[in-house]
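Each chain, written out:
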Amino acid sequence: RRPSQARARSRGPGTLYERIGGAPALRRLVRRFHEVLANAPEAAEARAVLHGAPSDLGPKLFAFFSGWLGGPDLYGERHGAPKLKRRHFLVPIGEAQAEAWLFAFRTACEETIEDRTVTAELLPQVESLARYLINRD
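The model shown is predicted, which means the values in this text are computed figures rather than measured ones.

Quick notes on the rules
- Residues numbered from 1 in each chain as written.
- Predicted model: local features only at pLDDT ≥ 70, side-chain atom pairs only at ≥ 80, totals over all residues.
- Heavy atoms only, no water.
- Helix = DSSP H or I, 4+ residues; strand = E, 2+ residues; numbered from the N terminus.
- Rg over C-alpha atoms; globule rule 2.2 N^0.38 Å.
- Buried < 20%, exposed > 50% of the residue type's maximum accessible area, 1.4 Å probe, protein only.
- Areas by Shrake-Rupley, 256 points an atom, 1.4 Å probe, with all protein chains shown as cover.
- Lys, Arg positive; Asp, Glu negative; His and termini not counted.
- Charge placed at Lys NZ, Arg CZ, Asp CG, Glu CD.
- Core = buried A, V, L, I, M, F, W, Y, C linked by side-chain atoms within 4.5 Å.
- Contact = heavy atoms within 4.5 Å.
- Phe/Tyr/Trp six-rings, centres within 6.5 Å; stacked < 30°, edge-to-face > 60°.
- Lys NZ or Arg CZ within 6 Å of the ring centre and 35° of its normal.
- Polar contact = N/O pair within 3.5 Å; in protein donor to acceptor, adjacent residues only side chain to side chain.
- Expected span 1.5 Å × (residues − 1).

Participant: Whenever I open this one, the overall build of the protein chain confuses me. Can you help?
Facilitator: Within the protein chain one finds eight helices and zero strands. Along its sequence from the N terminus, the protein chain presents helices and strands in the succession α-α-α-α-α-α-α-α. The globule rule puts the C-alpha radius of gyration for 137 residues at 14 Å, and the 14 Å found for the protein chain is close to it. Expressed along its principal axes, the backbone C-alpha trace of the protein chain runs to roughly 40 × 30 × 25 Å. Across the 137 residues of the protein chain, 43% fall into the buried class. Surface exposure of the protein chain reaches about 7500 Å², of which carbon and sulfur atoms provide 53%. Between the averaged position of the 21 positive side-chain charges in the protein chain and that of its 16 negative side-chain charges there is a distance of 7 Å.

Next comes the structure, spelled out in structure tokens:
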């Protein structure tokens, strides 16, 4: 399956959504992600292709990750199937943009998720998802 169609896999008991701490922890993660994306020089390449402020993406990102991590499928209920490739097609995403986005996500994970085993399981899956969305050389 495509990375956007499968939910993140948890090797421990419970879903990754549960293991990070549910909705409150995911909100902290998404909030910190957007702070880093909006302000870190390392995230400039990702900011350059956004169609608005990084914080504008917060509700959709939270909803997507909620379901993808094994929690409530908020994105699907509100917007239908994610169809990430299609939804990101007009956004020019190259290796630099994906790496900048991943810098912000990795930083947010390191700063908000206490359990390092969860981070170690989550990050490779998110990296695969980000690389799947690359659509430019």
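Participant: Just checking my understanding: could you explain unusual backbone geometry for this structure?
Facilitator: Peptide bonds are, in most cases, trans, and in most cases residues other than glycine have a negative phi. Non-glycine residue K83 carries a positive phi angle of around 45°. Within the element layout of this structure, K83 appears in the loop between α5 (74-79) and α6 (84-87). Residue K83 is classed as partly exposed on the basis of its relative accessible area, which comes to 45%.

Participant: Help me out: how do you make sense of the nonpolar core in this one?
Facilitator: The nonpolar side chains of a soluble globular protein tend to be buried with one another. Core analysis: the biggest nonpolar cluster contains 43 residues, and L26, F65, W68, L69, F105 and L122 have the highest contact counts within it. Every element with two or more residues in this core is listed here: α1 (16-20), α2 (22-39), α4 (58-68), α5, α7 (95-112) and α8 (116-132). Look past the residues within four positions of L26 in its chain and what remains in contact with it is Y17, I20, F62, F65, S66 and L69.

Participant: Hey, could you run me through the packing of aromatic side chains in this one?
Facilitator: Ring pairs (aromatic) are described by centroid distance and by the angle formed between their planes. Overall, the coordinates contain eight aromatic pairs when judged by the stated rule. An angle of 80° between the planes, with centres 5.7 Å apart, marks the rings of F65 and W68 as edge-to-face. Placement of the pair is F65 and W68 together in helix α4, with a separation of three residues, close to one helical turn. Of the two residues, F65 and W68, both sit in the buried class. With 5.5 Å between their ring centres and 5° between their planes, W101 and F105 make a pair best called stacked. With W101 and F105 both in helix α7, this residue pair falls four residues apart, about one helical turn. A relative accessible area of 23% places W101 in the partly exposed class. On the accessibility criterion, F105 (2% relative accessible area) is buried. Through a chain of ring-to-ring contacts, three or more aromatic side chains come together here, namely F33, F64, F65, W68, Y75, W101 and F105. Residue placement shows R27 over the ring face of F62; its charged tip is 4.1 Å from the ring centre. The residue whose ring lies beneath K85 is Y132, and the NZ or CZ to ring-centre distance is 4.7 Å.

Participant: Sorry, what's going on with the side chain of R19 here?
Facilitator: With respect to the helices and strands, R19 occurs in helix α1. A polar atom in the side chain of R19 sits 2.9 Å from the side chain of E121.

Participant: Help me understand α8 in this model?
Facilitator: Since the α-helix advances by 3.6 residues per turn, residues separated by three or four positions end up pointing in the same direction. Between its first and last C-alpha atoms α8 spans 24 Å; for 17 residues at 1.5 Å apiece the expected length is 24 Å, and the two agree. Within the span of α8, buried status applies to V118, T119, E121, L122, L123, Q125, V126, L129, A130 and Y132.

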